[in-house]
Amino acid sequence: MLTTEQACERAADIVARARKAGADAADAVFAADRALSVSVRMGSLEDVERAESEELGLRVFAGRRSASVSTSDLSDSALDALVERALAMAKEAPEDQWAGLAPQDRLLHGQPPLLDLDDGANDSPETLRARALAAEDAARAVPGVTNSEGGSASLSRAVMAIATSHGFAAGYAQTSHGLSASVLAGSGGGMERDYAHHSARHAALLEAPEAIGRLAGERAVARLNPQKISSGATPVVFDRRVSSSIIGHLLGAIAGASVTRKTSFLLDALGTQVFARNVTICDDPHRPRGLRSRPFDGEGLPVQAMKIVDSGMLETWLLDSASARQLGLEPTGHASRGIGGAPGVAPGNLYMQAGSIPPETLIGEIDYGVLVTELIGQGVNGITGDYSRGAAGFLIEKGEITRPVSEITIAGNLKDMFRALTPANDLEFRYGINAPTLRIDGMTIAGD
């Protein structure tokens, strides 16, 4: 597999070819990765998959016109043809007065920060198989578990580099390790399924397979004999498995493209109170070994820790260079770049700060409500903020978690939900986006 330096050379080379062919400006992304995954079922090996790839994406500018192309054929002749095709496309594209590379004076200079994202990912298929088997065995050993959808373990290593025609060239490597188990409990028409999984940059940080499997089994058994409930307005508690989705809806509303297109329900909310005052949401792209850590953004700009929401106040949009120009603002270091197309935006390690109340207290104060552990569907209107999603979880009665419930719908409006939100004190950094247990009063539940 190529080194980071070699990846940078590949990206810089295609940019140089584009400039020599007549492009006014250009940038490129090079990505190489290899992956291995092993899956088992009912104690037997089911599948082993290996994959390797190298891809190159090029964006060229002809004045205010631009085009993006990509290829996995990295031969000299193919790269020359790629440049020629990109320039021809750019010359026929419509003009975009906001298009262009990131401001040169804002580029990251010097050595990118070291974030310890790469452990080599050198585990053998036998090691992955042992992990997957241990996770599935632990899940199947939980009383009440009757069948298995399997266990899986995976690893990958990727090298990514970005180069621009105005002086930026840098790259980094990152690894990812995953482990999961999925089982069924019960029998006949009353079977219930659930799962557990964990991901980490370093294999040494993965949770024990036995813990993952046991959690999957216990979750499946706990869902047996679900009840339907009556419709009405009740408090809803979002388990940490799903609470980060609330932050996800915020991200869609404050992304530069949503703001410039006027398709955000928070269009006029910058600098105003959006959440309750006990809510602060932070972005930390420099967390060592973080699942969304990165030394620079998709346009070569430096990234930094910041508060997106501070004591309930919305402090910033998430802006790449194009949306920043359109809004008359500065890019925020949130550009995200794939192999194909222009940059979008994405956060680093985003999280809602923990509150001061234990989740047991948030639940204990509820006479009648719902603890949501699973969300279904994508029923969110990004323009109005209207929220309606299928859900499953558990009934809360007189401060106690009692019966499992399913086939319900929870509804509200995100503006109201944000202001009514209370975070618990149980934040953990398990995913790329993290939030503690959340309670939102006054949501509408549709059941029977």
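Each remark here, short or long, concerns the structure printed above.
Trainee: Even after reading the chapter, I still don't get the overall build of the chain, so can you show me in this structure?
Mentor: Within the chain, the secondary structure is distributed over 9 helices and 19 strands. Across its three principal directions, the C-alpha atoms of the chain cover 70 × 55 × 35 Å. Across the 448 residues in the chain, those meeting the buried criterion constitute 51%. Pairs at least 24 apart in sequence give 72% of the contacts found in the chain among residues at least 6 apart. Accessible area for the chain stands at about 19200 Å²; split by element, carbon and sulfur atoms hold 47% of it. Each charge class in the chain was averaged separately, 42 positive and 56 negative side chains, and the resulting centres sit 2 Å apart.

Trainee: What should I look at first to understand the environment of Asp-441 in this one?
Mentor: Considering the arrangement of structural elements, one finds Asp-441 in strand β19 (residues 438-446). For the pair formed by Asp-441 and Arg-419, sequence separation is 22 residues and the distance between their alpha carbons is 9.9 Å. Of the polar contacts made by the side chain of Asp-441, one reaches the side chain of Arg-439; its length is 2.7 Å.

Trainee: Quick question: what am I supposed to make of the pairing of strand β8 (residues 281-284) here?
Mentor: Strand residues, when the strand is regular, have side chains that alternate between the two faces of the sheet. Burial along β8 is two-sided: the face carrying Ile-281 and Asp-283 and the face carrying Cys-282 and Asp-284 are both buried. Of the pairings in the sheet, the one linking β8 to strand β13 (residues 349-352) comprises 4 bridges and is antiparallel in character. Paired with Asp-284 across the strands is Asn-349, a residue of β13.

Trainee: Help me understand helix α4 (residues 209-222), please; the structure alone is not making it clear to me.
Mentor: In an α-helix, one full turn covers 3.6 residues, which means residues spaced three or four apart are oriented alike. Its 14 residues give α4 an end-to-end C-alpha distance of 20 Å, which sits within 8% of 20 Å, the value for a rise of 1.5 Å per residue. Within the sequence span of α4, burial applies to Pro-209, Ile-212, Gly-213, Ala-216, Gly-217, Arg-219 and Ala-220. Buried positions in α4, seen along its axis, are confined to an arc of 160 degrees and lie on one side of it. The inward-facing, buried residues of α4 abut α3 (125-140), β4 (145-164), β5 (169-185), β6 (192-200) and α5 (240-254).

Criteria and thresholds
- Residues numbered from 1 in each chain as written.
- Predicted model: local features only at pLDDT ≥ 70, side-chain atom pairs only at ≥ 80, totals over all residues.
- Heavy atoms only, no water.
- Helix = DSSP H or I, 4+ residues; strand = E, 2+ residues; numbered from the N terminus.
- Buried < 20%, exposed > 50% of the residue type's maximum accessible area, 1.4 Å probe, protein only.
- Contact = heavy atoms within 4.5 Å.
- Areas by Shrake-Rupley, 256 points an atom, 1.4 Å probe, with all protein chains shown as cover.
- Lys, Arg positive; Asp, Glu negative; His and termini not counted.
- Charge placed at Lys NZ, Arg CZ, Asp CG, Glu CD.
- Polar contact = N/O pair within 3.5 Å; in protein donor to acceptor, adjacent residues only side chain to side chain.
- Pairing = 2+ DSSP bridges.
- Expected span 1.5 Å × (residues − 1).
- Arc of directions from axis to C-beta.

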